[in-house]
Amino acid sequence: MTALQKATGDVVLKFEPFVLHVLCQELQDAQLLHSVAIDSGFRNSGITVGRGGKIMMAVRSTHCLEVPLSDNGKLMVSGEYIEFLIHVANRKMEENT
């Protein structure tokens with residue numbers, strides 16, 4: 001809270017979800033991993049094939065959080081709300097694990 005009250009710009013609380021990149025030898029391997037990831041609840045997963053034929057499978061969770069807290073140095077939320085956001089972010093971290 002002390003740091004937020006001293007902020008002069010915009011402050012955003014941001015939680016990034018779990019991401020795992022897997023380099024696959026064959027497209028079939030990536031497709032199998034993609035199916036497993038989707039079935040396991042990692043709905044933002046996907047396959048990318050690069051120019052050189054490199055096949056990358058990304059396993060991504062949907063547990064993201066991005067909330068503005070201040071605007072040009074003016075705190076826009078209460079301390080109670082920040083405590084709530086911290087609880088939500090910590091719960092998302094547990095889900096990532």
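From a predicted model like this one, the values you see are computed outputs, not experimental measurements.

**Student:** For this particular structure, what's the right way to read the pairing of strand β4 (residues 55-60)?
**Tutor:** A regular strand carries its side chains on alternate faces of the sheet. The sheet contact formed by strand β2 (residues 19-24) and β4 spans 6 bridges and is antiparallel. Residue pairing across strands places C24 opposite I55, the latter belonging to β4. Where strand β3 (residues 46-49) meets β4, 4 bridges bridge the pair, whose relative direction is antiparallel. Residue pairing across strands places I47 opposite M57, the latter belonging to β4. Counting the residues that bridge the hairpin from β3 to β4 gives 5 residues, and of these G53 lies at a positive phi of roughly 90°.

**Student:** Looking at this structure, I do not really get the packing of aromatic side chains. What am I missing?
**Tutor:** Here a ring pair, both rings aromatic, is described through the centre-centre distance and the interplanar angle of the planes. If you walk through the whole model with that rule in mind, you get 2 aromatic pairs. Plain terms: the ring middles of F18 and F42 are 5.8 Å apart, the flat faces sit at 50° to each other, and that makes the pair tilted. Here F18 is found in the loop between β1 (11-15) and β2, whereas its partner F42 is found in the loop between α2 (27-39) and β3, with 24 residues between them in sequence.

**Student:** Before we go on, may I ask you to explain helix α3 (residues 79-96) in this structure?
**Tutor:** Think of an α-helix as 3.6 residues a turn; residues three or four steps apart then line up on the same face. For α3, with 18 residues, the first-to-last C-alpha span of 26 Å sits near the 26 Å given by 1.5 Å per residue. Among the residues making up α3, those that are buried are I82, L85, V88, A89, K92 and N96. Summarising the axial view, the buried residues of α3 lie within an arc of 120°, below the 170-degree limit, and thus occupy one face. Opposite its buried face, α3 presents the exposed residues E80, E83 and E94, each directed more than 90 degrees away. Where α3 is buried, its residues touch α1 (2-6), β1, β5 (65-71) and β6 (74-75).

About the thresholds
Residues numbered from 1 in each chain as written. Predicted model: local features only at pLDDT ≥ 70, side-chain atom pairs only at ≥ 80, totals over all residues. Heavy atoms only, no water. Pairing = 2+ DSSP bridges. Helix = DSSP H or I, 4+ residues; strand = E, 2+ residues; numbered from the N terminus. Phe/Tyr/Trp six-rings, centres within 6.5 Å; stacked < 30°, edge-to-face > 60°. Expected span 1.5 Å × (residues − 1). Buried < 20%, exposed > 50% of the residue type's maximum accessible area, 1.4 Å probe, protein only. Arc of directions from axis to C-beta. Contact = heavy atoms within 4.5 Å.

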